[in-house]
Amino acid sequence: MRSSKNALSSLWQTLFGHPVRAFGVVSLLLLISLAIAPAKNHFSEWRHYQKQYLSLIRTRGDAVTLQRHFHDGIQQIRLPQLGVVDRCTTCHVGLKEASLGYVSAQPFRPHPVIPHTSDQFGCVMCHRGQGAATTVEEAHSSTLAWEQPILPARYVQSSCGQCHRAALMGTPQLNTGRNLLSRYGCVHCHTIKLADGTAIKPTDYPPSLEHIADKTTREWIYAWLKDPQAYAVTATMPNFKLSDPDARDISAFLISKSTPIAGDTEPVSKEQKAPDPAAGASLYGESFCASCHAVQNAAGNVVGGDVGPELTRIGNKAKPEWLQAWLRNPRIYDPGTAMPHYRFTDQQVPLLAGFLGNKTDSDLLANVHLDAATPEQITHGKLLVTEYGCASCHQISGVKKPDNFAPELTHIGSKALTQIIFLPGMQHTLPDYISAKIRQPRSFGSALKMPQYTFAPVQIDALTTALLSLTDRAHDLPLSLTVPAQPPSHYQPAGKAGQLMADLACFSCHAINGRGSDMAPDLTWEGSSVQRPWLQAFLKNPGTLRPALIRRMPRFNLSDSDITELTDYIMTVYQTPAFDRDSMPSSGYPPAQVEQGKQLFYSKYACQSCHIIDTKVDKGYIGPTLTQVGSRLNAAWIYHWLKDPQAMRPGTTEPNRNMNDEDARALTAFLIGLKSSGKLEANK
């Protein structure tokens, strides 16, 4: 110990014992420290990448141009309005060089074509990470000083959702995820507030359970609670993994609280002749029930629409008395149902009810045997219904809808990693946590209430993308940099016609003034589009305008007075202000102009590629058939449609050909003359 102290004392005396030597040593240390900064800069990662880039472009034919575009040193984009400081282009020097498209190695790849530039939004707005960093580790990874690593490429669409509040054509994964959040009822339990203060609304509309005993049996409820997908593979209700006693007690409670509704069941005569299965199947097809409902065929494939519930085993669920009353008028049991009131005749109701009642699975309820419920079981069932938050989705007598049943997800995309308990072996990133939570919620704890969904991997990725878009930045962005969604429309047609349209559930298929579905054509300007006689005939007996489509308008057995009421309302109210529907004649066009229109149809514009006029020659199955378009559409509508289809019906697949007035008038003259079977009638 003494020898070490002596050695240090001797060294100190040698270096600093004389003022001249001390000055020299201090000067040398200062020079070394001053040299460290430029040496570190010279050997830094970003300098290494810039040298590699220069070596890469040196032998290219456009080397001079690329060299001129290159800027040495640290590059920085600063966007105070967004709170962005971005130095990514220091290493990613070839982002804007389209000629380097063949380069696959990072960080020299050019950026794919996007609507924005790095100068507008920087890189971290989309890719996240630490924009101010100048090393790969600090920029891309989570560190002690920075929690936000770079976003995996498969979730990059989530960043678009920070600015774009509505669906965007270039972000299908984000759009799907947002739809799943609403369609699968996630927002029944989890509140998700948007930047404008509104909350995401569910679109699945789970049925009320207040009158469930009229509709089905306790045994079916038990089987459904145990495994919803065993009854319907397309069921959106998740599996709560209930034990047998818990499913028994919940079913007992729901049946005990059910109250009857007058008129939602009707007697089924035992003497009634068994309906003809073939006739029932024919009525099912003619009514286009498959447009909304799916069934599982013999091959195990699910075919049909997803607007209404799957009907594969409907006979196991619906009581015959309830099913007949439902088909006669579904509004009695559920006034807000998306199911139209078909106005089936007394002969049709038992025919269709019998066909649907035969759709059963003998194994579904084979092993379900329940004794009469005890008061203790009913009490326990109510407790379980409360604990599992069943009233978040369903209306249940005696149970109040819970508030804030599950954690709010408004800022889940910015959740701090320090607040997350990761599973063993899991990557410590937010996307990995969210996707695992969706895939197997109870792997994070057996006592958790979140049920098990049957999402496919692509759906999990879509949901993760949507949730990652819910960031602090999305709420803090200036309004000038956001693209707001259209506010929801609450349009309601008035009078008796409005009541008829509600009874027929027109909005389940059609949109009008921003409200409704896109399954069928938008009717906002229908009064300016069609001719009155055609509309009356169509409502009485709808025909097909698009032969390639499976979904069709069903026949509703409307009375003549109902048809007149609807026709008057549509022709009067649903008028576009852009033009007068009677501003062009429906006949009297010069033969030369008609012939010119025909030539334009078949040559210059090749309209037969998508539309059919001559059924023996034309092969266009994409757009509606035009064989009788002159009897269906107004001449003024045809003309303005040809000039700008998107202005008449936004989102239509009909291209805008920037047609001049002469061509549009000639094509109108040709088309308005097609009155029947694709034949030109003489213009009188």
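Since we're looking at a predicted model, the values are computed, not measured.

## Examining the overall build of the protein
Part 1: Each helix and strand counted, the protein has 30 helices and eight strands in total.
Part 2: Expected size for 684 residues packed as a compact globule is a radius of gyration near 26 Å; at 34 Å, the protein overshoots this value by more than 25%.
Part 3: If one aligns the C-alpha atoms of the protein with their principal axes, the spans along those axes are about 120 × 85 × 45 Å.
Part 4: Of the contacts formed within the protein by residues at least 6 apart in sequence, a portion of 62% connects residues at least 24 apart.
Part 5: Element-wise, carbon and sulfur atoms account for 57% of the exposed surface of the protein, whose accessible area totals about 37,100 Å².
Part 6: Positive and negative side-chain charges of the protein, numbering 65 and 58 respectively, have mean locations separated by a distance of 7 Å.

## Observations concerning the state of the cysteines
Part 1: Within this structure, the stated rule accounts for zero disulfides.
Part 2: With no disulfide of its own, C91 lies closest to C88 among cysteine sulfurs, the gap being 8.6 Å.
Part 3: Left unpaired, C390 is separated from the closest cysteine sulfur, that of C393, by 8.4 Å.

## What about the nonpolar core?
Part 1: Ranked by internal contacts, the top residues of the largest apolar core, which has 97 residues, are Y284, L327, L352, L356, F601 and L671.
Part 2: Filtering out sequence-adjacent residues up to four positions away, L671 remains in contact with F601, I613, L626, V629, G630 and I638.
Part 3: Membership of the second largest hydrophobic core comes to 29 residues, among which are V187, F422, L430 and Y453.

## Digging into the packing of aromatic side chains
Part 1: Enumeration according to the criterion identifies 25 aromatic pairs in this entry.
Part 2: Across from the ring centre of F507, 3.9 Å away, lies the NZ or CZ of R515, which sits over that ring.
Part 3: The aromatic ring of Y639 is capped on one face by R665, whose charged end is 4.8 Å from the ring centroid.

## Quick word on the pattern of salt bridges
Part 1: The final tally for this structure, using the stated rule, is 16 salt bridges.
Part 2: Across the pair D346 and R328 runs a salt bridge, and its minimum N-O distance is 2.8 Å. One end of the pair, D346, is in the loop between α16 (320-328) and α17 (348-357); the other, R328, is in helix α16, and 18 residues separate them in sequence.
Part 3: Taking relative accessible area as the criterion, R328 reaches 27% and is therefore assigned partly exposed.
Part 4: Put simply, K540 and D560 hold a salt bridge, and the shortest N to O gap is 2.9 Å. With K540 in helix α24 (residues 532-540) and D560 in helix α25 (residues 560-573), this pair connects stretches of sequence that are 20 residues apart.

## A few points about helix α11 (residues 218-226)
Part 1: Taken across its nine residues, α11 has seven buried, putting it largely inside the fold.
Part 2: Taken residue by residue, α11 has R218, W220, I221, Y222, A223, W224 and L225 as its buried positions.

## So, unusual backbone geometry
Part 1: In the segment running from Q106 into P107, the intervening peptide bond is cis, with an omega of 10°.
Part 2: Topologically, P107 is positioned in the loop between β2 (84-86) and α5 (118-121).
Part 3: One non-glycine residue, A505, adopts positive backbone phi at about 55°.

## Observations regarding the environment of A166
Part 1: Locating A166 in the fold gives a position in the loop between α7 (136-140) and α8 (172-183).
Part 2: A residue is classified by how much of its surface remains accessible, and A166, at 29% relative accessible area, is partly exposed.
Part 3: Along the primary structure A166 and D568 are separated by 402 residues, whereas in three dimensions their C-alpha atoms are 35 Å apart.
Part 4: Ignoring any residue separated from it by four or fewer positions in sequence, one finds A166 in contact with R178, V483 and A485.

## Examining the environment of A372
Part 1: Inspection of the secondary structure puts A372 in the loop between α17 and α18 (375-387).
Part 2: Ignoring any residue separated from it by four or fewer positions in sequence, one finds A372 in contact with R218 and Q377.

## Details of the side chain of E97
Part 1: Looking at where E97 falls in the secondary structure, it is placed in the loop between β2 and α5.
Part 2: In this structure E97 is buried but unpaired, with R60 as the nearest side chain of opposite charge at 8.0 Å.
Part 3: The contact partners of E97, leaving out residues within four places of it in the chain, are Y53, L66, H69 and P110.

## Concerning helix α3 (residues 45-57)
Part 1: In this model α3 runs 19 Å from its N-terminal to its C-terminal C-alpha over 13 residues, within 8% of the 18 Å that 1.5 Å per residue would give.
Part 2: Residues of α3 that are buried: W46, R47, Y49, Q50, Y53 and I57. All buried residues of α3 project into a common sector of 160° when viewed along the axis, lining one side.

## Observations concerning the environment of S435
Part 1: The residue S435 is located in helix α19 (residues 430-439) in this model.
Part 2: We classify S435 as buried; its relative accessible area is 5%.
Part 3: Among residues more than four places away in sequence, those in contact with S435 are Y155, I460 and T464.

## Topic: the packing of helix α13 (residues 244-257) against α18
Part 1: Closest axis-to-axis distance for the α13/α18 pair is 7 Å, and the angle between their directions is 95°. Relative to α18, the element α13 lies roughly perpendicular. Touching D246, R248, D249, I250, A252, F253 and S256 of α13 are Q377, I378, H380, G381, K382, L384 and V385, all from α18.
Part 2: Among the residues making up the contact of α13 with α18, the classes are represented as six nonpolar, four polar and four charged.

Criteria and cut-off values
- Residues numbered from 1 in each chain as written.
- Predicted model: local features only at pLDDT ≥ 70, side-chain atom pairs only at ≥ 80, totals over all residues.
- Heavy atoms only, no water.
- Helix = DSSP H or I, 4+ residues; strand = E, 2+ residues; numbered from the N terminus.
- Rg over C-alpha atoms; globule rule 2.2 N^0.38 Å.
- Contact = heavy atoms within 4.5 Å.
- Areas by Shrake-Rupley, 256 points an atom, 1.4 Å probe, with all protein chains shown as cover.
- Lys, Arg positive; Asp, Glu negative; His and termini not counted.
- Charge placed at Lys NZ, Arg CZ, Asp CG, Glu CD.
- Disulfide = S-S within 2.5 Å.
- Core = buried A, V, L, I, M, F, W, Y, C linked by side-chain atoms within 4.5 Å.
- Buried < 20%, exposed > 50% of the residue type's maximum accessible area, 1.4 Å probe, protein only.
- Phe/Tyr/Trp six-rings, centres within 6.5 Å; stacked < 30°, edge-to-face > 60°.
- Lys NZ or Arg CZ within 6 Å of the ring centre and 35° of its normal.
- Salt bridge = Lys/Arg side-chain N within 4 Å of Asp/Glu carboxyl O.
- Expected span 1.5 Å × (residues − 1).
- Arc of directions from axis to C-beta.
- Axes fitted to C-alpha atoms, helices over the stretch in contact; angles between N-to-C directions.
- Parallel < 35°, antiparallel > 145°, perpendicular 65-115°, else oblique.
- Nonpolar A, V, L, I, M, F, W, Y, C, P; charged D, E, K, R; others polar.

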